[in-house]
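Residues per chain, in single letters:
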Protein chains: 2
Amino acid sequence: MTTPLRLGIAGLGTVGTGVVKIVQHHAALLAARTGRQIVITAVSARSRAKHRGVRLADYAWEDDPVALATRADVDVFVELVGGDSGPALGATRAAIAAGKDVVTANKAMLAHHGQALAEAAEAAGRVIRFEAAVAGGIPVIKALTEGLAGNEMTRIMGVMNGTCNYILTRMESAGLTYDAVFQEAADLGYLEADPNLDVGGIDAGHKLALLAAIAFGTRVDFASVTLEGIQRITIDDIRQAADMGFRIKLLGVAQLTGRGLEQRMTPCLVPAASPLGQLEGGTNMVVLEGDSVGQTVLRGAGAGSGPTASAVMSDVIDIARGTRITTFGQPATSLTAATAAPSATAVPFYLRMTLQDKPGALAKIATVLGDNGISIDRMRQYDHPGPNAPVLIVTHKAMRDALDHAIAGMAGTGVLVGEPVALRIEEV
Amino acid sequence: MTTPLRLGIAGLGTVGTGVVKIVQHHAALLAARTGRQIVITAVSARSRAKHRGVRLADYAWEDDPVALATRADVDVFVELVGGDSGPALGATRAAIAAGKDVVTANKAMLAHHGQALAEAAEAAGRVIRFEAAVAGGIPVIKALTEGLAGNEMTRIMGVMNGTCNYILTRMESAGLTYDAVFQEAADLGYLEADPNLDVGGIDAGHKLALLAAIAFGTRVDFASVTLEGIQRITIDDIRQAADMGFRIKLLGVAQLTGRGLEQRMTPCLVPAASPLGQLEGGTNMVVLEGDSVGQTVLRGAGAGSGPTASAVMSDVIDIARGTRITTFGQPATSLTAATAAPSATAVPFYLRMTLQDKPGALAKIATVLGDNGISIDRMRQYDHPGPNAPVLIVTHKAMRDALDHAIAGMAGTGVLVGEPVALRIEEV
């Protein structure tokens, strides 16, 4: 047996304490599987006094994660602080500079600084691994970077924010409004400190950008992800979708075509009977499509102490076993800068809007759609008590840019109240 | 860039030619991802003359796989010959003795000789990897051995024989008899040379035994897998199951309990709406359950040239990158010999039998069940033209050994015609 692998863990929230528990409870199992002892030598968090339900007395304590990351008795810096910059970034940089390997669950940091961090780590002969950053316990980074590495990947898709999926499925099952379920999620502690990271699709967008970099050998380009949150989805949208045999999911899609790299994280209608449509609550699903393997689907817990700690430990175990994979599956300096491209696929759209209830209003909207080459599959005006009429339109297949052009044109009709909601209908 | 990694491929059937195609078509991609050229130096197959649709002229030809496996210009022996012993085993042993790493798709060989081969490889400092041996393109060996290695695994389940799943789903969708669909599958080339490997559950049982060894750190124990094929499933069974909201799947389950290691590969009723129940045709699904991660589900193509070659290449890429994992995820000498244990879970059973149509026949059967502590949830006697009455019984939860005891007892009643079919009803 070689020397122990020594971890320094920064961040002792739900994931950090989960990692401590696995290291403590499964010491023999980990040693059998890696041929080494895996030990924790030092930890760091904001509050030393906080009770966390795990024994920390045997580990050195550092108030400053940078001090932790650079300790001589730490081989692997486990970054569970979070945040796209600040202490997490500073400590990660310091760890690499000090010759440590890094394991992180921080999608925000990697989505913004992954390229620079990966280059620095690779120049120093160190690895940065981030299985826990995407889809919680599902070993999707490993599947994509290693398990499917013989494929030219053609498309990746995923429902990768458990909070959004919880909100959408709970609205449907309990018949509650978005605001009511949002408040519930907040009370249950499901939301990030900045809830917009969740419901605005940003967190899921970070994850998609990381997967796309691995899949297509392109530099992480979070800025080019088309992002749309779930905040404008109403219980009526969910019911209308259900009537048509669909459910609404915050769905990520990335593909590299002749036009460039398409990345979007937007609410979509997917068939209720499809695997994506059946996804309940905080469960995540990632669909990986490659030229040889076809479609591979992974489903599991997208968050939570145990699942995320399981993913962190998979990276730690890799390092203990001597497995050394570059951050994005090929040298960071070899990643190409792809051109961002809009979706190249025409799909039907679900279009909900409110019109002033006056003669000819609907005709004006239909005319604008027609002028933009968009034909209507079905249209429905709801019963309505007030002066404005809610209208639902399902289009035949259309390109998103044509639809956006049409929506811009609708503003000029003078009959539109507020902004339409337009959702892709995906036959996944 | 270090020296090229040189492959010697034995077996040029559908999988072997698929591997050749990936190596030829994705040379740049593979080099980018591994930092090395991956090249084929020599190949071997039964017929040199056969046209295979790939260019082989650049590679040395060996008629004898042992000669291929021991060539000085081969680093990795890719064993795609198949068969639990014979040339595959001889060449694999020779490769290890000659200091080669081995990549194989051969579940039969590993189910029977995996322990000895792994010990030999580890003593020689070589690896044997077998992603392609289980569930085709799904990277399940990697997920279990590496991605979930921080977990004590609690249970694994899977539908892992595409041919059986094709037969069962096709019987249902086309309303055809087992014999008719079996013939179809034979005509389509879906069946192994010995069809009993497929429909007898043996092939899937091999796969389950390999997964169990990794999951539970136990020696591969194929001999202890409770095996039951699909040959006795009738279209009536499938219809009766459908009426109750179930579908029949050849389902593998392995778990390590206080009683020992339970391994079974048997046709079961699973809810039609469950992910396993919805599995169509040749698709495979594996469910991995761990103490931290909870349930992780992987779905994908279980066979075919592209998917299986994708899995072979994942192992080749690992070796090219310097990743070296032991065959079963821990040293082979450290694997324990588990005691085989029957299922420790009481479940409802679907029980179909034929009775002589005479007064009191059904009462006698019911009495035998009652005497064995098995209560009846529902019972149905079909319309029948002939002298014998087909009877369907669904039991309340019962242990399998009690049911087996009851079935043995039924023979003594003198009213039973033939052997009952008993299928577990699994609430997966």
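Quick notes on the rules
- Residues numbered from 1 in each chain as written.
- Chains lettered and ligands numbered in written order.
- Predicted model: local features only at pLDDT ≥ 70, side-chain atom pairs only at ≥ 80, totals over all residues.
- Helix = DSSP H or I, 4+ residues; strand = E, 2+ residues; numbered from the N terminus.
- Rg over C-alpha atoms; globule rule 2.2 N^0.38 Å.
- Buried ≥ 20, exposed ≤ 12 C-beta atoms within 10 Å, placed from the backbone.
- Contact = placed C-beta atoms within 7 Å.
- Domains from an automatic or database assignment.
- Nonpolar A, V, L, I, M, F, W, Y, C, P; charged D, E, K, R; others polar.
- Least-squares fit on C-alpha atoms with pLDDT ≥ 70 in both.
- Pairing = 2+ DSSP bridges.
- Axes fitted to C-alpha atoms, helices over the stretch in contact; angles between N-to-C directions.
- Parallel < 35°, antiparallel > 145°, perpendicular 65-115°, else oblique.
- Left-handed = near helix turned anticlockwise from the far one by under 90°.
- Core = buried A, V, L, I, M, F, W, Y, C linked by C-beta atoms within 7 Å.
- Expected span 1.5 Å × (residues − 1).

Asks: Just to check I follow, could you spell out the overall build of chain A for this structure?
Replies: Looking only at helices and strands, one finds 14 helices and 16 strands in chain A. For a compact globule of 428 residues, the expected C-alpha radius of gyration is about 22 Å, and chain A comes in at 24 Å, within 12% of that figure. Its C-alpha atoms give chain A principal-axis dimensions of about 80 × 45 × 35 Å. Per-residue burial for chain A yields a buried fraction of 53% across its 428 residues. When contacts within chain A are restricted to residue pairs at least 6 apart in sequence, long-range pairs at least 24 apart make up 75% of them.

Asks: It is not clear to me how the domain arrangement of chain A should be interpreted in this structure. Could you clarify?
Replies: Accessible area lost during the coming together of the parts is what is often quoted as the interface size. All names here are of chain A. Looking at chain A, the domain boundaries give domain 1 (5-133), domain 2 (141-293) and domain 3 (349-425). Relative to domain 3, the C-alpha centre of domain 2 lies at a distance of 25 Å. Of the residues lining the interface, ten residues belong to domain 2; the matching set on domain 3 comes to seven residues. Breaking the side of domain 2 that touches domain 3 down by element, the ones donating at least two residues are helix H11 (235-243), strand E9 (246-257) and strand E10 (260-271). Among the elements that make up the side of domain 2 that touches domain 3, the one with the highest residue count is E10 (four residues). Partitioned by chemical class, the residues of the side of domain 2 that touches domain 3 number six nonpolar, two polar and two charged.

Asks: Which parts of the structure should I look at to understand the relation of the copies chain B and chain A?
Replies: Two copies of the chain are present, and they differ by a rotation about an axis and a shift along that axis. Structural alignment of chain B on chain A gives an RMSD of 0.0 Å, achieved by rotating through 180° and translating 0.0 Å along the axis. When the rotation and shift are considered jointly, the pair of chain copies conforms to a two-fold rotation axis. By residue overlap, the copies meet face to face through one surface: 98% of the interface positions of chain B are interface positions in chain A.

Asks: When you look at the sheet that holds strand E1 (residues 5-10) of chain B in this model, what are you seeing that I'm missing?
Replies: Adjacent strands of a sheet form backbone hydrogen bonds with each other and so pair up, either parallel or antiparallel. Residues and elements named next belong to chain B. The six strands lie next to each other as E3-E2-E1-E4-E5-E6, forming an open sheet whose pairing is parallel. Each end of this open sheet is capped by a strand with a single partner; those strands are strand E3 (60-62) and strand E6 (128-129). Examined bridge by bridge, strand E2 (residues 38-44) and E3 share three bridges and lie parallel to one another. If you follow Ala42 over to E3, its bridge partner there is Ala60. Where helix H12 (residues 305-321) meets the sheet, it contacts E1, E2, strand E4 (76-79), strand E5 (101-104) and E6, and its direction lies at approximately 160° from that of E5.

Asks: Help me understand the sheet that holds strand E3 (residues 60-62) of chain A in this model?
Replies: Residue and element names in this part refer to chain A. The sheet built from six strands is open, its strands ordered E3-E2-E1-E4-E5-E6 with parallel pairing. Each edge of the sheet is formed by a strand with only one pairing partner; in this case those strands are E3 and strand E6 (128-129). Packing against the sheet, helix H4 (residues 86-97) makes contact with strand E1 (5-10), strand E4 (76-79) and strand E5 (101-104), and its axis sits at approximately 170° to E4.

Asks: Help me understand the environment of Thr70(A), please; the structure alone is not making it clear to me.
Replies: Residue and element names in this part refer to chain A. On the secondary structure map, Thr70 appears in the loop between helix H3 (65-69) and E4. For the pair Thr70 and Leu168, spaced 98 residues apart in the sequence, the C-alpha separation amounts to 43 Å. Residue contacts for Thr70: discarding those within four places in its chain leaves Ala94, Ala95 and Ala98.

Asks: When you look at the interface of chain B and chain A in this model, what are you seeing that I'm missing?
Replies: Each partner contributes to the interface: chain B provides 47 residues, whereas chain A provides 46 residues. Going through the elements one at a time, helix H1 (14-25), helix H2 (27-34), helix H6 (140-147), strand E12 (294-301) and H12 of chain B are the ones with two or more residues in the side of chain B that touches chain A. In terms of residue count, H12(B) provides more of the side of chain B that touches chain A than any other element does, nine residues in total. Of the residues contributing to the side of chain B that touches chain A, the split by class is 18 nonpolar, 21 polar and eight charged. Examined bridge by bridge, strand E12 (residues 294-301) of chain A and E12(B) share three bridges and lie antiparallel to one another. Pairing of Arg299(A) across the sheet is with Val297(B), part of E12(B).

Asks: Can you walk me through the packing of helix H6 (residues 140-147) of chain A against H6(B) in this structure?
Replies: Any two packed helices are characterised by the angle at which their axes cross and by the distance between the axes. Relative to each other, H6(A) and H6(B) sit at 125°, their axes nearing to 10 Å. Taken as axis vectors, H6(A) and H6(B) run oblique relative to one another. Every pair of crossing elements has a handedness; the one defined by H6(A) and H6(B) is right-handed. Here Lys142(A), Ala143(A), Glu146(A) and Gly147(A) of H6(A) lie close against H6(B), whose contacting residues are Lys142(B), Ala143(B), Glu146(B) and Gly147(B). Along the lines of polarity and charge, the residues of the contact of H6(A) with H6(B) split into two nonpolar, two polar and four charged.

Asks: How should the nonpolar core be read in this particular structure?
Replies: Buried together is how nonpolar side chains tend to be arranged in soluble globular proteins. Of all hydrophobic cores here, the largest spans 277 residues; its most connected members are Val312(A) and Val312(B). Apart from the residues within four sequence positions on either side, Val312(A) is in contact with Val15(A), Val19(A), Val78(A), Val103(A), Ala105(A) and Ala132(A).

Asks: When you look at helix H1 (residues 14-25) of chain A in this model, what are you seeing that I'm missing?
Replies: A turn of α-helix holds 3.6 residues, and therefore any two residues three or four places apart point the same way. Residues and elements named next belong to chain A. The terminal C-alpha atoms of H1, which comprises twelve residues, lie 16 Å apart, in line with the 16 Å expected from a rise of 1.5 Å per residue. Of all the positions in H1, only Val15, Gly16, Thr17, Gly18, Val19, Val20, Ile22 and Val23 are classed as buried. Where H1 is buried, its residues contact E1, helix H2 (27-34), strand E2 (38-44), E4 and helix H12 (305-321).

Asks: Would you explain unusual backbone geometry in this entry?
Replies: Keep in mind that most residues, glycine aside, have a negative phi and that most peptide bonds are trans. Even without being glycine, Ala135(A) reaches a positive phi, approximately 60°. With 33 C-beta atoms counted inside 10 Å, the residue Ala135(A) sits in the buried group.

Asks: Is there a simple way to think about helix H10 (residues 202-216) of chain A in this case?
Replies: In a regular helix each residue adds 1.5 Å, so 15 residues correspond to 21 Å; H10(A) covers 21 Å between its end C-alpha atoms and thus fits that length. Positive phi appears at Gly217(A), one or two residues downstream of H10(A), with a value of about 65°.

Asks: Looking at this structure, I do not really get the packing of helix H7 (residues 162-174) of chain B against helix H11 (residues 235-243) of chain B. What am I missing?
Replies: All names here are of chain B. Running from N to C, H7 and H11 cross one another at 75°; their axes reach a closest spacing of 10 Å. If you check the angle between H7 and H11, you find them roughly perpendicular. For the pair H7 and H11, the contacting residues are Leu168, Met171 and Glu172 in the first and Ile235, Ile238 and Ala242 in the second. Of the residues assigned to the contact of H7 with H11, the class counts are five nonpolar, no polar and one charged.

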